[in-house]
Amino acid sequence: MIPTVTKGRWLDVYACPECRGGLTRHADRWTCTACRFGYPVRDGVPVLARRATEAPGFVGTMKRSYGDPKPFLEMVRQRGWQSALRTIQIAGEPDRVAEAVAPNRVSWRHVVGVTGASLVVDIGAGTGGVACQLAATCDVIAIDRSYVDAAFVAIRSAQSGLESLDSIVAEACQLPLANGVADVVTLIGVLEWVPVDFPDSNPRESQLAALREAKRVLKPYGRLYLAIENRHYFAYYLGFPEPHARLRYISLMDREASDRYSRETRGTPFLEWTYTLQEYLALLNEAGFAQVEPYWLYPNYRLPNALVPADHPAAARWFTEEFLDPRQYGSRMQRDLYTYLRFAPPAHMTHAVRDFGFVACST
Ligand SMILES: [Zn+2]
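Basis of the calculations
- Residues numbered from 1 in each chain as written.
- Predicted model: local features only at pLDDT ≥ 70, side-chain atom pairs only at ≥ 80, totals over all residues.
- Axes fitted to C-alpha atoms, helices over the stretch in contact; angles between N-to-C directions.
- Helix = DSSP H or I, 4+ residues; strand = E, 2+ residues; numbered from the N terminus.
- Parallel < 35°, antiparallel > 145°, perpendicular 65-115°, else oblique.
- Contact = placed C-beta atoms within 7 Å.
- Pairing = 2+ DSSP bridges.
- Buried ≥ 20, exposed ≤ 12 C-beta atoms within 10 Å, placed from the backbone.
- Arc of directions from axis to C-beta.

1. Focus: the packing of helix H2 (residues 70-79) against helix H7 (residues 147-159)
Remark: H2 packs on H7, axes separated minimally by 10 Å, with the N-to-C direction vectors making an angle of 10°. With respect to H7, the axis of H2 lies roughly parallel. Along its contact with H2, which presents Leu73, Val76 and Arg77, the element H7 presents Val148, Ala151, Phe152 and Ile155.

Next comes the structure, spelled out in structure tokens:
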């Protein structure tokens, strides 16, 4: 059922990202009632951030062109979002249209407790695979630091007739929201990229800032859903390249060595930190989430078919016995991976899976 809630109700959930003052909405700008800063509205998309918003985002990275987004967005309007997305599909990469509508993009929603009455804040919305699907049943604020991504989601949502979705430009570490307004905040494939915007800061501190910001905007007993890679994925030991730096073994090194290695081989510091299961639990605790449930997201966090409790070895054993299909593991490395998942002691194996999901309760 499409909720009857209209965007007007959301007005009081927004706040100035700098001073938390209230915002007055006009067609061309939203003005802070406290510091008087005027945030521009570009083609219907509020830009509630003061730093540059020309980040290429998911769409820009697909286009491999970081210039004027206008011609592409015009094509999205004219031809429809699916058709436009197909024109920038990169050969050999996953089908981005299929990904953007795949039901398992949001298979975690029941575990996280999303209901028809929820207000979900999806941070790093990309092409809207999560935000637009959730908005069919509940209220969603889709946030992206990239203007082109946010504009894409706004057009997609309008073309899909979604009335319970707002798409805005904002930063994960400075959300333009009042305290305690969200039922659910999602960070799916986002936290590892947050430090890239703060190259002079310690990456963990930048990530803590984003998690604390998520906690700030959550209602009491609201839930954070964090989905992200495991630093100690078993395949990394077999030489599978780390997906952010695209370098082998880098996440297995200590932080200082990984930074030196990254600077020597790709000329940039290693900022895209991921963590072990225990390190994620410590990070979330430090950010103020006292109660955290860890899950093994199978086969990965983008399109999870299953959420297996990572702190429940018997459940993991049952899952690998009943559901892993050896025929899906073709290459030599994949067969090694299958053997490991299937036969390693489950209490070890759940620490070496590819991706984790964390449902963290804000008390
Ligand atoms: Zn202000």
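2. Some words on the sheet that holds strand E3 (residues 38-42)
Across a sheet, paired strands are connected by hydrogen bonds in the backbone, their directions being either parallel or antiparallel. Pairing in this open sheet of four strands is antiparallel, and the strands run E1-E2-E3-E4 from one edge to the other. What marks the edges here is a single partner per strand, and that holds for strand E1 (23-25) and strand E4 (45-46). In this sheet, E4 lies alongside E3 in antiparallel orientation, the contact comprising two bridges. By the bridge assignment, valine 41 is partnered in E4 with proline 46.

3. Brief notes about the environment of aspartate 144
Tracing the chain through its elements places aspartate 144 in strand E6 (residues 139-144). Classification of aspartate 144 by C-beta neighbours within 10 Å gives buried; the count is 32. Expressed as a C-alpha distance, the spacing of aspartate 144 and glycine 116, which sit 28 residues apart in the sequence, is 23 Å.

4. Things to note about helix H11 (residues 277-286)
Along H11, the residues classified as buried are Leu277, Tyr280, Leu283 and Leu284. Angular distribution of buried residues about the axis of H11 spans 120°; they occupy a single face of the element. Exposed side of H11, more than 90 degrees from the buried face: Gln278 and Glu286 are the residues found there. Note on H11: the residue one or two positions beyond its end, glycine 288, has a positive phi of about 105°.

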